[in-house]
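Tertiary structure, described
The lines below spell out each chain.
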Amino acid sequence: MTEISFTLPVLDKRMNDMVAKTHGKITGGCLCGAVSVTLAEPKSVAEICHCTMCRQWGGGPFMGVSSCSYAINGHGFVTVYQSSSWAERAFCSICGSNLYFRFLPSDHYSFCAGLFPFDAGVQMGKQIFIDEKPDFYDFSQETDKQTGAQVIAEAIAAGFTFTKSENES
């Protein structure tokens, strides 16, 4: 058996915080460091999804952040799974850390909030698929909430189409 070794970059939280505050960028990464993501001007909200697929994917609700632009380093360690005809989910092929959700019709990426060393300043945004949230957890913050039907209706109104099986959980 051939042994493969490589050196992974170590992300320094103090440097990332300084860069985020001075240039509007923040860098984070997976657990093992093989994949890093830099967000330029990240939005100051983490949106929450309680849908069954997100909870199966990550063991709990998905907390996603997005930005006007991003850069992913370590593409060779990114595994992408197309979870439906309209969505992809990615993870690190070494440590298994979830990386992002991609809404294919608009090519929108939502990165896992836990990848980044956010401090105060990021707030909880809208919670979607609230009707699929199990009873065993709740968040104390008051946020806007949408059911799955409301999310799908909003997407259809924006011009996106879905098959019946994808509308159902």
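Residues numbered from 1 in each chain as written. Predicted model: local features only at pLDDT ≥ 70, side-chain atom pairs only at ≥ 80, totals over all residues. Heavy atoms only, no water.

1. Considering the confidence of the model for the chain
In low-pLDDT segments, the atomic positions of the prediction should not be examined closely. Applicable threshold: Summary of the metric used: pLDDT quantifies the predictor's per-residue confidence within the range 0 to 100. By definition in these notes, contact holds between two residues if any of their heavy atoms fall within 4.5 Å.
With 82% of its residues at a pLDDT of at least 70, the chain reaches an overall mean of 85. Low pLDDT, under 50, characterises residues 1-23; the stretch is placed with 22 contacts to residues that sit more than four places away or in other chains.

2. Concerning the sheet that holds strand β8 (residues 98-103)
To be explicit about the condition: For two strands to be treated as a pair, DSSP must find no fewer than two bridges joining them. Numbering goes from the N terminus for both helices and strands, where a helix is a DSSP run of H or I of at least four residues and a strand is a run of E of at least two.
Judged by pairing direction, the sheet is mixed, and its 8 strands sit side by side in the order β6-β7-β8-β9-β4-β3-β10-β11 without closing on themselves. Edge positions in the sheet fall to β6 (78-84) and β11 (145-146), since each has one partner strand and no second. Two elements, strand β7 (residues 87-92) and β8, share 5 bridges in a ladder whose sense is antiparallel. What sits directly across from Glu-88, in β8, is Arg-102.

3. Considerations on the pairing of β8
Filter applied, for reference: Whether a residue is buried, partly exposed or exposed follows from its accessible area with a 1.4 Å probe, protein chains only, as a fraction of its type maximum: under 20%, in between, or over 50%, in that order.
Judged by how many residues are buried, β8 sits mostly within the fold: 5 of 6 residues are covered. With antiparallel pairing between neighbouring strands as the criterion, β7 and β8 make up a hairpin whose turn holds 5 residues, including Gly-96 at a positive phi of roughly 85°. Note: β8 against strand β9 (residues 108-112), 4 bridges, orientation antiparallel. Paired with Phe-101 across the strands is Ser-110, a residue of β9. Counting the residues that bridge the hairpin from β8 to β9 gives 4 residues, and of these Asp-107 lies at a positive phi of roughly 60°.

4. A few points about the environment of Leu-99
Mapped onto the elements of the fold, Leu-99 is located in strand β8. Distance from Leu-99 to Val-80, taken between C-alpha atoms, is 9.5 Å for residues 19 residues apart in sequence. Those residues within four positions of Leu-99 in sequence are excluded, and the remaining contacts are Cys-30, Val-35, Trp-57, Val-78, Ala-90, Phe-91, Cys-92, Ser-110, Phe-111, Cys-112 and Leu-115.

5. Quick look at the packing of aromatic side chains
The following threshold applies: Pairing of aromatic rings covers Phe, Tyr and the six-membered ring of Trp, with a centre-to-centre limit of 6.5 Å; geometry is then stacked below 30 degrees between planes, edge-to-face above 60, and tilted otherwise. A ring is scored as having a charge over it whenever the NZ atom of a lysine or the CZ atom of an arginine sits within 6 Å of its centre and within 35 degrees of its normal.
Considering all chains together, one arrives at 12 aromatic pairs under this definition. Each ring, one from Phe-62 and one from Phe-101, has its centre 6.4 Å from the other, and the planes form 50°; the classification is tilted. Within this pair, whereas Phe-62 is found in strand β4 (residues 62-65), its partner Phe-101 is found in strand β8, the two being separated by 39 residues in sequence. For the residue pair Phe-62 and Phe-101, the accessibility class agrees, reading buried in each case. The structure contains a cluster of three or more aromatic residues connected by ring pairs, namely Tyr-70, Tyr-100, Tyr-109 and Phe-111. A cation over a ring is seen here: Lys-133 above Tyr-137, with NZ or CZ 5.2 Å from the ring centre.

6. Quick notes on the pattern of salt bridges
Note the threshold: Salt bridge, as used here, is a side-chain nitrogen of Lys or Arg placed within 4 Å of a carboxyl oxygen of Asp or Glu.
Following the criterion strictly, the structure yields 4 salt bridges and no others. Across the pair Asp-107 and Arg-102 runs a salt bridge, and its minimum N-O distance is 2.7 Å. Of the residues examined, Asp-107 reaches a relative accessible area of 41% and is grouped as partly exposed. For Glu-154, the salt bridge identified is with Lys-126, shortest N-O distance 3.9 Å. Taken together, the residues span a long stretch of sequence, with Glu-154 in helix α3 (residues 148-157) and Lys-126 in strand β10 (residues 123-128) at a distance of 28 residues.

7. Quick word on the side chain of Arg-89
For clarity, the threshold we go by: Here Asp and Glu are counted as negative and Lys and Arg as positive; His is not counted, and neither are the chain ends. Polar contact is defined as a pair of N or O atoms within 3.5 Å, subject to the rule that within protein one atom must be able to donate a hydrogen and the other to accept it, and that residues adjacent in sequence are counted only when both atoms are side-chain atoms.
You can see Arg-89 is positioned in strand β7. There is no salt bridge for the buried Arg-89, and the closest opposite charge comes from Glu-132, which lies 9.0 Å off by N-O distance. A polar atom in the side chain of Arg-89 sits 2.9 Å from the side chain of Ser-83. The contacts of Arg-89, once residues within four sequence positions are left out, are Cys-51, Met-53, Cys-54, Trp-57, Thr-79, Val-80, Tyr-81, Ser-83, Tyr-100 and Phe-101.

8. Brief notes about the nonpolar core
Side chains that are nonpolar tend, in soluble globular proteins, to be buried together. This is how the line gets drawn: Among buried residues, the Ala, Val, Leu, Ile, Met, Phe, Trp, Tyr and Cys ones that are joined through side-chain atoms within 4.5 Å form a nonpolar core.
Leu-99, Tyr-100, Phe-111 and Phe-116 are the most contacted members of the largest nonpolar core, which totals 35 residues. Only β2 (36-42), β3 (45-49), α2 (52-58), β4, β7, β8, β9 and α3 provide two or more residues apiece to this core. It is β8 that contributes the most residues to this core, 4 residues altogether. Once residues lying within four places of it in the same chain are set aside, the contact partners of Tyr-100 are Trp-57, Ile-72, Val-78, Val-80, Glu-88, Arg-89, Ala-90, Tyr-109, Ser-110, Phe-111 and Cys-112.

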